[in-house]
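Spelled out, the chains give:
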Amino acid sequence: MAKKKRTPQEFSTDPAAQEMLIRAEELGIGTAFTRADDMAPCNIGSAGMCCKICGMGPCRLTKDGSTGICGATIDTIQARNLIRAIAAGAAAHSDHGRDMAFTLKAAANGEAEGYYIRDVAKLRTVAGYYDIEVEGRSPEEIANELADLYIAQFGQQKGVIAPIRRAPKKRQKVWEEQGVLPRGVDRETVEALHRTHIGDDQDPEHILQHAIKTALADGWGGSLIATDVSDILFGTPAPILGQANLGVLKADMVNVVVHGHEPTLSEMIVAASQTPEIIEYAKAAGAKGVQLSGICCTANEILMRQGIPAAGNFLQQELSIMTGAVEAMVVDVQCIMQALVGLAENFHTKIITTSPKVKLKGATHIQFDEHHALTIAKNILKEAIDNYKNRGSIQIPDVREDLIPGFSHEYINYMLGGSYRSSFRPLNDAIMSGRIRGVAAIVGCNNPRSQHDYLHTYVTKEMLKQDVLVVETGCGAIASAKLGLLLGEAGLDQVGPGLKEVCEAIGIPPVLHMGSCVDNTRILTVLTQIVEEGGLGDDIDQVPAVGLAPEWMSEKALSIGTYCVASGAYVIFGGTSPVSGMPDKVSDSDLVSGLISEGWEELYGGKLEFIADPDEMIKATLEHIDKKRAALGLPEYDPKRFGESGDARMLELEALPLSERKAAIYGLPVAGD
Ligand code: SF4
Ligand code: MSK
């Protein structure tokens, strides 16, 4: 029987996406959604039971006890497939970090046109972690030494990568005992590939230990370096007003959408778009100016620092082009669909690739070079402006939502305590008292196999009702933004009483946008600071916190999930498990699932599980949070104890006549009684 095709409403919960999917249907244009309907996933490959590592295969293991031609068992094959995915994810993040470190070096030497050290305070703080002398030295001197140290982390052969020292002491000890302290970022990634070559490491447990080491080299290495350097060069994010969804595109302006992950070029495009030269050039072409917006994590990078609007998340890259109003989509690395070029042929949109690592057949390539970044950014914008005259019919959904992104861990620290006593104490206290039941980091991608944004937003809303503070990154953060959950007041009517009090008292949204997918390291830092503040245990695995990636799809997500588990977190992924096997056909196929769950929990205190049902996901999250609360001896979560204090109560009181207000506050009789 042919598989039922989904409707636009079944494809996405987002009205803007639905409108564009209807347009796609009318124009007879396919998208990732329709291709997902047409392409049934291979049930052997998706369960991790296919090996194509050597030319004797591919070997598909579907029968009880069967092995590959070399004798590899399903457990070995699953572990090998998983570590290879983690290594690819770690490589993607870490190569991003390496490029950022080289840009820092060039900027410090005055060789990077348009770049300078914008956040000297962060530079000095980061340098301090590594005992780099800061007193009496210029920012450029400090940056030069830091860049050298960071560049060295990638090729280091022996010892331990330096940023590891920023993890809680007890956690570092766990890693030392397990022998998983990463020596060098590249070394661990290369070894993951070596170990999984035909005829190498065949012991699933042994392979998975190296998976942990590889992921740690990402989370506490390459990714952390990427975040640090981005902040130093472009500024540490702080709350700023932004907008999200396709309605940010403008009918009377040249629309340039930047898509991918690296902030180096997109920041320069932002700067170039604001120069009189480019504004005049756009006006001469008949437009009112240039409207920049972003997709995926490039969107997050420029949204949280510059307030540049986000046109959407991963599954909206095609839909933004479908508006007919995009003159150019400028892409760098990661999460760029090959379908963009063919799709753009139906409209006038130019797809412009910019990274020396990423080319798409049929796209225009304008290679980025940090030494001439501003000039290149202007050339890209001029290409887009020249294309404005070629626009055909347009349809921009009138759907957009305000949001406040930019909650770096530095800002959270400041907002909790103020300028003179910045501290995580109020957050720890709120968790300890039960006002905040726990913390959920809801991160990751979209996946057209499930309804776009549904799992993200459903799980997020349920967490808020349960007084769980939510922090988000990546495409999940953009999903919440589109729903209005990243606004102070807007989200609060959907929030439990205790969390609401905290949000009102501090003046924060109930969902904190913490950046792009490479910025999940900010979450590690928050967890570390919570531990260091005291009262919630002495290691990350004791904090009542859970990580969730309900709509994951990328290999980077697997690396992120694994480094969070290694750091002590319970991590739940939605969708299908890449190591599920087929228990009805292969008897021992749950070995790897067990190793990454109970096995890793025993070794690291964190575990990785795949739970497709969102209600089960929520149940498991709350149970874990409550279990951790109980282990810390904290009071049982009870929402009835909260909701009667704080600003909300004050607002209610202010609405009363004076005599009643006094009566309510001081217990006095109401005048006239
Ligand atoms: Fe088959 Fe073994 Fe080659 Fe994998 S490594 S393809 S299981 S023969
Ligand atoms: S962009 S990795 S779809 S979060 Fe970072 Fe979004 Fe996932 Fe790409």
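Residues numbered from 1 in each chain as written. Chains lettered and ligands numbered in written order. Predicted model: local features only at pLDDT ≥ 70, side-chain atom pairs only at ≥ 80, totals over all residues. Heavy atoms only, no water.

**A closer look at the site of ligand 2**
Ligand 2 sits among 13 residues. The nearest are His261, Cys297, Cys335, Cys475 and Cys517. Of all the secondary structure elements, the ones that give two or more residues to the shell around ligand 2 are helix H12 (296-306) and helix H19 (474-482). Class assignment for the residues of the shell around ligand 2 results in eight nonpolar, four polar and one charged. Both domains that furnish three or more residues to the shell around ligand 2 are identified here as domain 3 (242-401) and domain 4 (409-574 + 611-641). (Near = heavy atom within 4 Å. Helix = DSSP H or I, 4+ residues; strand = E, 2+ residues; numbered from the N terminus. Nonpolar A, V, L, I, M, F, W, Y, C, P; charged D, E, K, R; others polar. Domains from an automatic or database assignment.)

**Focus on the domain arrangement of the chain**
By the assigned domains, the chain splits into domain 1 (8-60), domain 2 (74-234), domain 3 (242-401), domain 4 (409-574 + 611-641) and domain 5 (648-673). A straight line from the C-alpha centre of domain 3 to that of domain 4 covers 31 Å. Contacts between domain 3 and domain 4 engage 19 residues on the former and 24 residues on the latter. When domain 3 packs against domain 4, close to 1,600 Å² is buried across both sides, 68% of that on carbon and sulfur atoms. (Contact = heavy atoms within 4.5 Å. Buried area = accessible area lost by both parts, 1.4 Å probe.)

**Points about the environment of Ile530**
The topology assignment puts Ile530 in helix H22 (residues 520-533). Assessed through its relative accessible area of 1%, Ile530 is described here as buried. Other than its neighbours up to four places away in sequence, Ile530 contacts Phe424, Leu427, Asn428, Leu536 and Val543. (Buried < 20%, exposed > 50% of the residue type's maximum accessible area, 1.4 Å probe, protein only.)

**What about the site of ligand 1?**
With respect to spatial proximity, 13 residues lie near ligand 1, and among them Cys51, Cys54, Gly57, Cys59 and Cys70 are the closest. The residue makeup of the shell around ligand 1, split by class, is 10 nonpolar, two polar and one charged. Both domains that furnish three or more residues to the shell around ligand 1 are identified here as domain 1 (8-60) and domain 2 (74-234).

**Digging into the packing of helix H10 (residues 263-273) against H12**
Relative to each other, H10 and H12 sit at 50°, their axes nearing to 9 Å. Compared by their axis directions, H10 and H12 come out oblique. Two packed elements cross with a definite hand, and for H10 against H12 that hand is right-handed. Mapping the contact onto sequence places Pro263, Ser266, Glu267 and Val270 in H10 and Thr298, Glu301, Ile302, Arg305 and Gln306 in H12. (Axes fitted to C-alpha atoms, helices over the stretch in contact; angles between N-to-C directions. Parallel < 35°, antiparallel > 145°, perpendicular 65-115°, else oblique. Left-handed = near helix turned anticlockwise from the far one by under 90°.)

**As for H10**
Burial analysis of H10 places 10 of its 11 residues in the buried class, the great majority of the element. Looking at H10, one finds that the buried residues are Pro263, Thr264, Leu265, Ser266, Glu267, Met268, Ile269, Val270, Ala272 and Ser273.

**Quick word on the pairing of strand S11 (residues 438-442)**
The element S11 is largely enclosed, with a buried count of five among its five residues. The alternating pattern of S11 places Gly438, Ala440 and Ile442 on one face and Val439 and Ala441 on the opposite face, and all of these are buried. The pairing of S11 with strand S12 (residues 468-472) spans five bridges and is parallel. Bridging from a neighbouring strand, Ile442 pairs with Glu472 of S12. Handedness of the crossover joining S11 and S12 through helix H18 (residues 454-465): right-handed. Alignment of S11 against strand S14 (residues 545-549), held across four bridges, turns out to be parallel. When the sheet's bridge partners are listed, Ile442 is paired in S14 with Leu548. (Pairing = 2+ DSSP bridges. Right-handed = clockwise from strand over helix to strand, strands pointing away.)

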